[in-house]
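Secondary and tertiary structure notes
Single-letter residue listing:
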Amino acid sequence: MITEQAKKLGFWIIGASSVNMVPDAIVIPDFETHLGYIKYREEHNYDGGMKSDNIEKIKSNRDYFLRFKEQGVPIFISVDEAVTYLQNQLDNLDC
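So, a few notes on the structure that sits alongside this text.

The rules behind each value
Residues numbered from 1 in each chain as written. Predicted model: local features only at pLDDT ≥ 70, side-chain atom pairs only at ≥ 80, totals over all residues. Heavy atoms only, no water. Helix = DSSP H or I, 4+ residues; strand = E, 2+ residues; numbered from the N terminus. Buried < 20%, exposed > 50% of the residue type's maximum accessible area, 1.4 Å probe, protein only. Contact = heavy atoms within 4.5 Å. Expected span 1.5 Å × (residues − 1). Arc of directions from axis to C-beta. Polar contact = N/O pair within 3.5 Å; in protein donor to acceptor, adjacent residues only side chain to side chain. Phe/Tyr/Trp six-rings, centres within 6.5 Å; stacked < 30°, edge-to-face > 60°. Lys NZ or Arg CZ within 6 Å of the ring centre and 35° of its normal. Lys, Arg positive; Asp, Glu negative; His and termini not counted. Salt bridge = Lys/Arg side-chain N within 4 Å of Asp/Glu carboxyl O.

Here we come to the overall build of the protein chain. The number of helices and strands found in the protein chain is four helices and two strands. The helix and strand sequence of the protein chain, counted from the amino end, reads α-β-α-α-β-α. Burial analysis of the protein chain (95 residues in total) assigns 22% to the buried set. Taking the intrachain contacts of the protein chain between residues at least 6 apart in sequence as the baseline, contacts between residues at least 24 apart amount to 61%.

A word on helix H2 (residues 31–44). Over its 14 residues, H2 extends 20 Å from the first C-alpha to the last, a length consistent with the 20 Å expected when each residue adds 1.5 Å. Here H2 has its buried residues at Phe-31, Leu-35 and Ile-38. All buried residues of H2 project into a common sector of 60° when viewed along the axis, lining one side. What points out from H2, more than 90 degrees from its buried face, is the exposed set Glu-32, Tyr-37, Tyr-40, Glu-43 and His-44. Backbone nitrogen of Glu-32 and a side-chain oxygen of the N-cap are separated by 3.2 Å at the start of H2; the cap is Asp-30.

Attention shifts here to the packing of aromatic side chains. Counted under the stated rule, the structure contains three aromatic pairs. Arranged with centres 5.3 Å apart and planes meeting at 45°, the rings of Phe-76 and Tyr-85 form a pair that is tilted. For Phe-76, a relative accessible area of 12% corresponds to the buried category. Members of the aromatic cluster, joined through ring pairs, are Tyr-64, Phe-65 and Phe-68. Taking the ring centre of Phe-31 as reference, the NZ or CZ of Lys-59 above it sits at 5.5 Å. Directly above the aromatic system of Phe-68 lies the positively charged group of Arg-67, at a separation of 4.1 Å from the ring centroid.

Bringing the side chain of Arg-62 into the picture now. The topology assignment puts Arg-62 in helix H3 (residues 55–66). Look at Arg-62: it is buried, it has no salt bridge, and the nearest opposite charge is Asp-63 at 6.2 Å. Arg-62 has contacts with Ile-28, Pro-29, Asp-30, Phe-31 and His-34, leaving out every residue within four places of it along the chain.

Another point: helix H4 (residues 79–91). Since the α-helix packs 3.6 residues into each turn, any two residues three or four apart lie on the same face. Between its first and last C-alpha, H4 extends 18 Å over 13 residues, near the 18 Å set by a 1.5 Å rise per residue. For H4, the complete set of buried residues consists of Val-79, Ala-82 and Val-83. One face of H4 carries all of its buried residues, which in axial projection span an arc of 100°.

The structure is reproduced here in structure tokens:
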């Protein structure tokens, strides 16, 4: 999944359905914000994915993606934070 917000910032983000690749960064907002995003999607433009009535599965999925931290993948609570980090990484590459 490529989010419109990320595209506007010049990045393409792979969503949770791509579980076989190690990401460059992970964005997991605080739980209440995350649940709010899910509820908004359900009410406005539901296109599949988790629903707000499946709290335990949502928590399980979040924990699953946090495992990448053990592999050195940075975790952020916002797309903006992740973009800033990744841009700094690109700026510091010796090309």
